[in-house]
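# Chain and residue survey
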Amino acid sequence: MKLFKQDAKKKWLKSLPSRVSSAAMILENEVGQILIVKANYKPHWTLPGGVVDPGETPKEAAIRETFEEVGVRLDPRKVAFVAVINRKSDIADTYQFLFKAVLRKGALREIVLQATEIDEYALVTRAQVATKDRYYGKVIEHWAAGRTGYLEQTFGRGDA
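Quantities reported herein were computed from a predicted structural model and do not represent experimental measurements.

### Some thoughts on the overall build of the protein chain
Within the protein chain one finds four helices and eight strands. For the protein chain, the spread of C-alpha atoms along the three principal axes comes to 55 × 35 × 30 Å. Considering the protein chain as a whole, with its 160 residues, one finds that 40% of them fall into the buried category. For the protein chain, restricting intrachain contacts to residue pairs at least 6 apart in sequence, the fraction spanning at least 24 positions comes to 63%. Here the protein chain has roughly 9800 Å² of accessible surface; of this, 55% comes from carbon and sulfur atoms.

### A look at the pattern of salt bridges
Tallied over the full model, the rule gives ten salt bridges. Ionic pairing is found between R19 and D93, a salt bridge with its closest N-O pair at 3.8 Å. One end of the pair, R19, is in the loop between helix 1 (6-15) and strand 1 (20-28); the other, D93, is in strand 6 (residues 93-102), with 74 residues separating them in the sequence. We note a salt bridge from E56 to R64, for which the minimum N-O separation is 2.7 Å. A single salt-bridge network, built from bridges that share partners, covers D53, E56, R64, E65 and E68.

### Some remarks on the nonpolar core
Counting 20 residues, the largest nonpolar core has M25, L27, L35, V70, V72, L74 and V79 as the members making the most contacts within it. In terms of residues, this core owes the most to one element, helix 2 (residues 58-70), which gives four residues. In this view, V70 contacts L27, L35, V37, P48, E110, I111, V112 and L113; residues no more than four positions away in its chain are not counted. Formed by 18 residues, the second largest nonpolar core is a distinct cluster that contains V82, I85, V124 and I140.

### A look at the environment of E60
Note on placement: E60 falls in helix 2. Overall, the relative accessible area of 42% leaves E60 in the partly exposed class.

### Here we look at the side chain of T46
Along the chain, T46 turns up in strand 3 (residues 45-46). Accessibility expressed as a relative area gives 8% for T46, which makes it buried. Not counting residues within four places of it along the chain, the set of residues in contact with T46 comprises I36, V37, V139 and I140.

### Notes on the packing of aromatic side chains
Inspection of every chain in the model, using the stated rule, returns one aromatic pair. Taking the centre distance of 6.0 Å and the plane angle of 75 degrees together, the rings of F81 and F99 count as edge-to-face. With F81 in strand 5 (residues 80-88) and F99 in strand 6, the pair connects residues that are 18 residues apart, well separated along the chain. Residue classification places F99 among the buried residues on the basis of a relative accessible area of 6%. The ring of Y95 carries the charged tip of R19 above its face, separated from the ring centre by 4.3 Å. Sitting over the ring of F67, R73 keeps its end group 4.0 Å from the ring centre.

### Thoughts on the environment of K100
Structurally, K100 is set in strand 6. On the basis of relative accessibility, which here comes to 35%, the residue K100 falls in the partly exposed class. For the pair K100 and I26, spaced 74 residues apart in the sequence, the C-alpha separation amounts to 4.5 Å.

Analysis parameters
Residues numbered from 1 in each chain as written. Predicted model: local features only at pLDDT ≥ 70, side-chain atom pairs only at ≥ 80, totals over all residues. Heavy atoms only, no water. Helix = DSSP H or I, 4+ residues; strand = E, 2+ residues; numbered from the N terminus. Buried < 20%, exposed > 50% of the residue type's maximum accessible area, 1.4 Å probe, protein only. Contact = heavy atoms within 4.5 Å. Areas by Shrake-Rupley, 256 points an atom, 1.4 Å probe, with all protein chains shown as cover. Salt bridge = Lys/Arg side-chain N within 4 Å of Asp/Glu carboxyl O. Core = buried A, V, L, I, M, F, W, Y, C linked by side-chain atoms within 4.5 Å. Phe/Tyr/Trp six-rings, centres within 6.5 Å; stacked < 30°, edge-to-face > 60°. Lys NZ or Arg CZ within 6 Å of the ring centre and 35° of its normal.

Following this line, the structure appears as structure tokens:
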């Protein structure tokens, strides 16, 4: 087996394709509803979340983005991993990490929407998502179908 010298290894690693990652949070209440948001720059409803910043773990990003977008503070010890989604599109190939936390009773009174990005929020059930009563992003459809673990999505132009 050939061992790389440190400089050669760094050069090789830099030559590999890089992927942007994002993270999202399922905030579920005691009756099985989740909190979804309508960002002003997307045609569909989605979960609170966003890009994983340099030096940040996906879990840290999901917690930070949840606070930034809806004002809900989460205890990292009470946030669980749900899935990683391999996303391929005409624009980019990315990974989305999906986490879940319990939406505390009374948390809706604390919600403060990020005025620059989020227009509104709603609570929905799995049954409601199945009716397609609004344009849901694929990650919400994954939740509604109970999908966890490793998931794959392929998007064409205009898909969520």
